[in-house]
Amino acid sequence: MNNNYDVIIIGAGSIGTPLAMALAERKLRTLVIEKEASPGQGQNKCAIGGVRATHSDGSKIKACLRSIGIFSTWKEKHGDEIGWIRGGYLFPVYTERDEVVLKELLKVQRGFGLDIDWAGPEKIRALVPGIAGKDLRGGTWAPGDGSASPLQSVNAFYRRAVKLGARFQFKEQVEKILSEKGVVKGVRTSLGSYTAKWVVNAAGAEAADVSELAGVKVPVKPDCHEAGVTEPVERFFEPMVVDIRPGDRSRNYYFYQNQEGPIVFCLTPQPPVWGRDKRSTSEFLPEVSRRMISLMPNLANLKVRRTWRGLYPMTPDGFPVVDFPAALKGYVLAVGMCGQGFMLGPGLGLALAS
């Protein structure tokens with residue numbers, strides 16, 4: 001078997017798999033090495049599926065607009081069901097301060113081509129029936145955003161990448177990033193060695209450990225976020241709802257109704273919970289339930305099916321590290337997605353491949 005490639009990607013998750021697809025579309029010989037047994041078994045399967053271009057940074061907006069173009073046309077172009085819903089993203093506002101901040105942000109977002117506008121209280125109530133009306137000032141509404149199934153999507157991208165010629169090696173651990181005189185030569189794994197001109201670190205929560213193998217330090221540290229899903233119910237609202245008001249033990253929370261009918265929800269803890277502990281806690285559900293029911297009282301009688309915990313690969317400034325370090329030519333960083341890897345992945349894959 002020929003073990004010589006143009007590009008080796010470490011990690012078959014939200015970033016590595018769509019990147020492999022984009023590289024294979026450009027006829028580059030691409031190898032993806034993944035220590036798990038199949039694609040998307042790291043933090044991808046912990047994602048709740050939101051896909052938004054509603055960001056405050058131009059580079060994220062542009063990457064996610066490209067991602068939305070891929071998600072929204074995937075079934076039509078390739079036939080796979082990935083659970084795409086163009087439900088939009090809604091940020092309801094209950095304080096004067098938040099209204100000022102979000103209205104100022106609208107100018108930036110529109111400047112980068114985002115379809116977003118301010119919606120008054122009546123529009124908010126129409127979009128989310130039953131939302132708390134007291135002190136509701138309106139909110140920002142981006143109808144082009146949506147959601148998709150992380151596991152269905154990553155497997156669709158995997159099948160497409162393989163069809164285009166990319167090779168995936170599962171149950172294989174990278175042990176060393178090989179280099180000579182400051183230039184990448186390939187990798188050594190638990191099963192052998194492979195050569196390549198480019199090696200991409202797309203290892204998610206393990207990005208810092210993988211980068212140590214190349215002798216390049218990256219400031220990526222995981223923190224723990226919990227999510228949950230209810231029983232399915234008849235569809236009664238479309239948007240992903242993001243409440244940015246801080247709570248007693250959380251910064252914000254967000255939820256939506258997915259394609260099958262359950263409500264999927266997630267909470268941002270405050271202070272952050274650093275580490276790699278993926279065990280569910282007893283604190284999560286009381287905190288997020290109280291907050292969600294205060295915003296939408298008609299959620300109170302829903303039964304929660306399960307909760308889970310995943311890791312956000314965080315950076316000090318909250319922005320991804322996508323870079324070609326000068327210390328090692330041919331080494332590429334696509335790390336530190338700060339919990340947004342699923343929505344950034346396809347668009348970022350296109351940019352990196354080009």
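Bear in mind the structure is a predicted one, so any value in this text is a computation, not a measurement.

Conventions and cut-offs
Residues numbered from 1 in each chain as written. Predicted model: local features only at pLDDT ≥ 70, side-chain atom pairs only at ≥ 80, totals over all residues. Heavy atoms only, no water. Helix = DSSP H or I, 4+ residues; strand = E, 2+ residues; numbered from the N terminus. Rg over C-alpha atoms; globule rule 2.2 N^0.38 Å. Buried < 20%, exposed > 50% of the residue type's maximum accessible area, 1.4 Å probe, protein only. Phe/Tyr/Trp six-rings, centres within 6.5 Å; stacked < 30°, edge-to-face > 60°. Polar contact = N/O pair within 3.5 Å; in protein donor to acceptor, adjacent residues only side chain to side chain. Salt bridge = Lys/Arg side-chain N within 4 Å of Asp/Glu carboxyl O. Core = buried A, V, L, I, M, F, W, Y, C linked by side-chain atoms within 4.5 Å. Contact = heavy atoms within 4.5 Å. 1 Å grid on protein atoms, 1.4 Å probe; cavity = no way out; pocket = protein on both sides within 12 Å on 5 of 7 lines; lining within 4 Å. Points joined across faces, edges and corners; volume = space filled by probe spheres on them. Nonpolar A, V, L, I, M, F, W, Y, C, P; charged D, E, K, R; others polar. Expected span 1.5 Å × (residues − 1). Arc of directions from axis to C-beta. Axes fitted to C-alpha atoms, helices over the stretch in contact; angles between N-to-C directions. Parallel < 35°, antiparallel > 145°, perpendicular 65-115°, else oblique. Pairing = 2+ DSSP bridges.

Give me the overall build of the protein chain: which residues, what numbers.
Of the regular secondary structure elements, the protein chain holds eight helices and 18 strands. Since a compact globule built from 354 residues should have a radius of gyration of about 20 Å, the 21 Å found for the protein chain is in line with a globular shape. The principal-axis extent of the C-alpha atoms belonging to the protein chain is close to 65 × 40 × 35 Å. Sorting the 354 residues of the protein chain into buried and exposed places 53% on the buried side.

Explain the packing of aromatic side chains residue by residue, including any values.
Per the counting criterion, the structure on display carries 14 aromatic pairs. Centroid distance Phe 237 to Phe 255: 5.9 Å. Interplanar angle 70°. Geometry classified as edge-to-face. One end of the pair, Phe 237, is in the loop between strand E12 (221-230) and strand E13 (240-243); the other, Phe 255, is in strand E14 (residues 250-257), with 18 residues separating them in the sequence. What makes Phe 255 buried here is its relative accessible area of 0%. Taken together, a centroid distance of 6.2 Å and an interplanar angle of 10° make the contact between Tyr 253 and Phe 255 stacked. Judged by its relative accessible area of 0%, Tyr 253 falls in the buried class. Ring pairs connect the aromatic residues Phe 71, Trp 74, Trp 84, Phe 157 and Phe 342, which therefore count as one cluster.

Could you give an account of the environment of Lys 134, with specific residues and numbers?
Inspection of the secondary structure puts Lys 134 in the loop between helix H4 (121-127) and strand E6 (138-142). Given a relative accessible area of 68%, Lys 134 falls into the exposed group. Separated by 40 residues in the primary sequence, Lys 134 and Tyr 94 have C-alpha atoms spaced 8.2 Å apart. For Lys 134, the side chain forms a polar contact with the side chain of Asp 135, separated by 3.3 Å.

Describe the pattern of salt bridges, and please don't skip the residues or the numbers.
For the structure on display, the rule yields 20 salt bridges. For Arg 159, the salt bridge identified is with Asp 80, shortest N-O distance 3.1 Å. Of this pair, Arg 159 sits in helix H5 (residues 150-163) while Asp 80 sits in the loop between helix H2 (58-78) and strand E4 (89-93), and the two are 79 residues apart along the sequence. Its relative accessible area of 44% is what places Arg 159 among the partly exposed residues. Residues Lys 217 and Glu 212 are paired through a salt bridge, measuring 3.1 Å at the closest nitrogen-oxygen approach. Because the salt bridges share partners, they merge into one network encompassing Lys 35, Glu 36 and Glu 206.

How would you explain the nonpolar core if you had to name every residue and give the values?
Counting residues in hydrophobic clusters, the biggest one holds 61 residues, and the most contacted among them are Ile 9, Ile 48 and Phe 71. If you tally residues by element for this core, the top one is H2, at seven residues. With sequence-adjacent residues up to four places away left out, Ile 9 is seen in contact with Gly 16, Leu 19, Ala 20, Leu 23, Thr 30, Leu 31, Val 32, Ile 33, Val 200 and Ala 202.

Any chance you could break down the layout of surface pockets for me, citing the residues and the numbers?
The space that makes up the second largest pocket amounts to roughly 420 Å³. Taken together, 23 residues form the lining of the second largest pocket, with Ser 149, Pro 150, Asn 258, Val 264 and Arg 306 sitting closest to its centre. When residues of the lining of the second largest pocket are traced back to their parent elements, those giving at least two are H5, E12 and strand E16 (304-314). Its residues assigned to classes, the lining of the second largest pocket comprises 11 nonpolar, eight polar and four charged.

Describe the side chain of Thr 230, naming the residues involved and giving the relevant values.
Inspection of the secondary structure puts Thr 230 in strand E12. Residue Thr 230 is classed as buried on the basis of its relative accessible area, which comes to 6%. Polar side-chain contacts of Thr 230 include one of 3.0 Å to the backbone nitrogen of Ile 263. Not counting residues within four places of it along the chain, the set of residues in contact with Thr 230 comprises Pro 262, Ile 263, Phe 265, Leu 302, Lys 303, Val 304 and Arg 305.

Can you lay out H5 for me, pointing to particular residues and giving the numbers?
Along its 14 residues, H5 runs 20 Å from first to last C-alpha, staying within 8% of the 20 Å computed at 1.5 Å per residue. All buried positions along H5 are accounted for by Pro 150, Ser 153, Val 154, Ala 156, Phe 157 and Ala 161. Projected onto a plane normal to the axis of H5, the buried residues spread over an arc of 160° and lie on a single side. For H5, the secondary structure elements touched by its buried residues are helix H1 (16-25), H2, strand E8 (167-169) and helix H8 (341-353). Two residues or fewer after H5 comes Gly 165, characterised by a positive phi angle close to 115°.

Quick rundown of the packing of H2 against H8? Include the residues and the values.
The interhelical angle for the contact between H2 and H8, taken along N-to-C directions, is 95°, at an axis separation of 7 Å. Looking at the two axes, H2 sits roughly perpendicular to H8. Counting all contacts with H2, which are made through Lys 60, Ala 63, Cys 64, Arg 66, Ser 67, Ile 70 and Phe 71, the residues of H8 involved are Phe 342, Met 343, Leu 344, Gly 345, Pro 346, Gly 347, Leu 348, Leu 350 and Ala 351.

Let's hear about the pairing of E14: which residues, and what values?
Counted residue by residue, E14 has seven buried out of eight residues, so it is predominantly covered. Note: E13 against E14, three bridges, orientation antiparallel. Paired with Asp 243 across the bridge in E14 is Tyr 253. Counted between consecutive antiparallel strands, the loop separating E13 from E14 contains six residues. Summarising the sheet, E14 and strand E15 (residues 263-269) pair through seven bridges and their orientation is antiparallel. Bridging across to E15, Phe 255 finds its partner in Phe 265.

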